[in-house]
Amino acid sequence: MKIYIISLVLVLPLLGLSQCKKENKEFVENAYYYGSYYGCLNDRGLPEGKGGIEFSSGGSYEGNWESGKMSGDGVYISNEWKYEGQFEDGRMTGKGVFTQVSPDYTIIQTGVFNNRNLIKGTEKVTYSNGVIIVNTFLNGSAISERRNNVNYYEASDISSNV
């Protein structure tokens, strides 16, 4: 009997009889998001499992949900930036890559985030005039900076065998 029950538990999800009921839903008075959601919902009608939302303000999120909040791996695209990585309790928290592109500069942050703030990792800012700045972050603060428009060598560091 135990083998029969274990077999059912393992086989039923493969037959499409899982608890995820994929639906489309409009969120207009949700405490967290406003927009058109598509994907799995829990018993309370909140996003759960895989799904995505097109925000009323523009932008989108595609990824995992837990109790109506972005959670686990996902991709959030706004009108001005993109974050691909981990989410916790609806916030960009965990490992990820944040990218922002404008006519004047591009910012790419890679590392560990806490509520959208880079805690540990690197930030590369490339300006339209060719200047590149690379910052290293630890505990939420920049601990080093390298620029391609600064000479880091002293004249005495350069030797010549002429």
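Residues numbered from 1 in each chain as written. Predicted model: local features only at pLDDT ≥ 70, side-chain atom pairs only at ≥ 80, totals over all residues. Heavy atoms only, no water.

So what exactly am I meant to see when it comes to the overall build of the chain here?
When its secondary structure is counted, the chain shows one helix and eleven strands. For the chain, the residues scored as buried account for 30% of the 162 residues in total. With the model as given, the accessible surface of the chain reaches about 11,100 Å², and the carbon-plus-sulfur share is 53%. (Helix = DSSP H or I, 4+ residues; strand = E, 2+ residues; numbered from the N terminus. Buried < 20%, exposed > 50% of the residue type's maximum accessible area, 1.4 Å probe, protein only. Areas by Shrake-Rupley, 256 points an atom, 1.4 Å probe, with all protein chains shown as cover.)

It is not clear to me how unusual backbone geometry should be interpreted in this structure. Could you clarify?
With glycine set apart, most residues show a phi of negative sign, and most peptide bonds adopt trans. Positive phi, normally seen in glycine, also occurs at Asn 115, with a value near 55°. With respect to the helices and strands, Asn 115 occurs in the loop between β8 (105–114) and β9 (117–127). When its relative accessible area of 40% is taken as the criterion, Asn 115 is described as partly exposed. The backbone of Asn 139 sits at a positive phi, close to 55°, despite the residue not being glycine. You can see Asn 139 is positioned in the loop between β10 (132–138) and β11 (141–147). Taking the relative accessible area as the measure of exposure, Asn 139 reaches 68% and is therefore exposed.

Explanation requested: the pairing of β9 in the structure shown.
Remember that side chains alternate between the two faces of the sheet whenever the strand is regular. The sheet contact formed by β8 and β9 spans ten bridges and is antiparallel. Residue pairing in the sheet places Val 112 in a bridge with Lys 120 of β9. Taking the residues between adjacent antiparallel strands as the criterion, β8 and β9 are bridged by two residues, where Asn 115 takes a positive phi near 55°. Pairing geometry for β9 and β10, over six bridges, is antiparallel. By the bridge assignment for β10, Glu 123 is matched with Asn 135. The hairpin formed by β9 and β10 contains four residues between the paired strands, and Gly 130 there has a positive phi angle of roughly 100°. (Pairing = 2+ DSSP bridges.)

Whenever I open this one, the packing of aromatic side chains confuses me. Can you help?
The relation between two aromatic rings is expressed through the spacing of the ring centres and the mutual angle of the planes. By the definition in use, this model includes nine aromatic pairs. Arranged with centres 5.3 Å apart and planes meeting at 85°, the rings of Tyr 83 and Phe 113 form a pair that is edge-to-face. Of this pair, Tyr 83 sits in strand β6 (residues 81–88) while Phe 113 sits in strand β8; the two residues are 30 residues apart in sequence, bridging distant segments of the chain. Of the two residues, Tyr 83 and Phe 113, neither departs from the other in class, the shared state being buried. The rings of Tyr 37, Tyr 61, Trp 65, Tyr 83, Phe 87 and Phe 113 are connected pair by pair, giving a single aromatic cluster. Directly above the ring of Phe 98 sits Arg 116, whose terminal nitrogen or CZ lies 3.6 Å from the centroid. (Phe/Tyr/Trp six-rings, centres within 6.5 Å; stacked < 30°, edge-to-face > 60°. Lys NZ or Arg CZ within 6 Å of the ring centre and 35° of its normal.)

For this particular structure, what's the right way to read the pattern of salt bridges?
When the charged atoms of two side chains with opposite charge come close together, those side chains can pair. One pass over the full model with this rule turns up three salt bridges. Two residues, Lys 69 and Asp 89, come together in a salt bridge whose shortest N-O distance is 2.8 Å. Of this pair, Lys 69 sits in strand β5 (residues 69–77) while Asp 89 is found in the loop between β6 and β7 (91–101), placing the two residues 20 residues apart along the sequence. Exposure remark for Lys 69: the relative accessible area of 16% places this residue in the buried category. (Salt bridge = Lys/Arg side-chain N within 4 Å of Asp/Glu carboxyl O.)

What should I look at first to understand the nonpolar core in this one?
Looking at soluble globular proteins, one finds that nonpolar side chains tend to be buried together. Ile 53, Tyr 61, Trp 65, Met 70, Tyr 76, Tyr 83 and Phe 87 are the most contacted members of the largest nonpolar core, which totals 17 residues. When residues of this core are traced back to their parent elements, those giving at least two are β2 (35–41), β3 (47–55), β4 (60–66), β5, β6 and β7. With three residues, β6 is the largest single contributor of residues to this core. If we skip the residues at most four places from it in the chain, Phe 87 touches Tyr 61, Met 70, Ser 71, Gly 72, Gly 74, Val 75, Tyr 76, Met 92 and Thr 93. (Core = buried A, V, L, I, M, F, W, Y, C linked by side-chain atoms within 4.5 Å. Contact = heavy atoms within 4.5 Å.)

Would you explain the pairing of β7 in this entry?
Two strands pair when backbone bridges link them, and β6 and β7 are joined in this way by seven bridges, in the antiparallel orientation. Each residue of the ladder has a partner; that of Lys 82, found in β7, is Thr 99. Connecting the antiparallel pair β6 and β7 is a turn made up of two residues, with Asp 89 showing a positive phi of about 55°. When β7 meets β8, the two strands line up antiparallel, connected through eight bridges. Counterpart to Gln 100 in the pairing with β8 is Ile 107.

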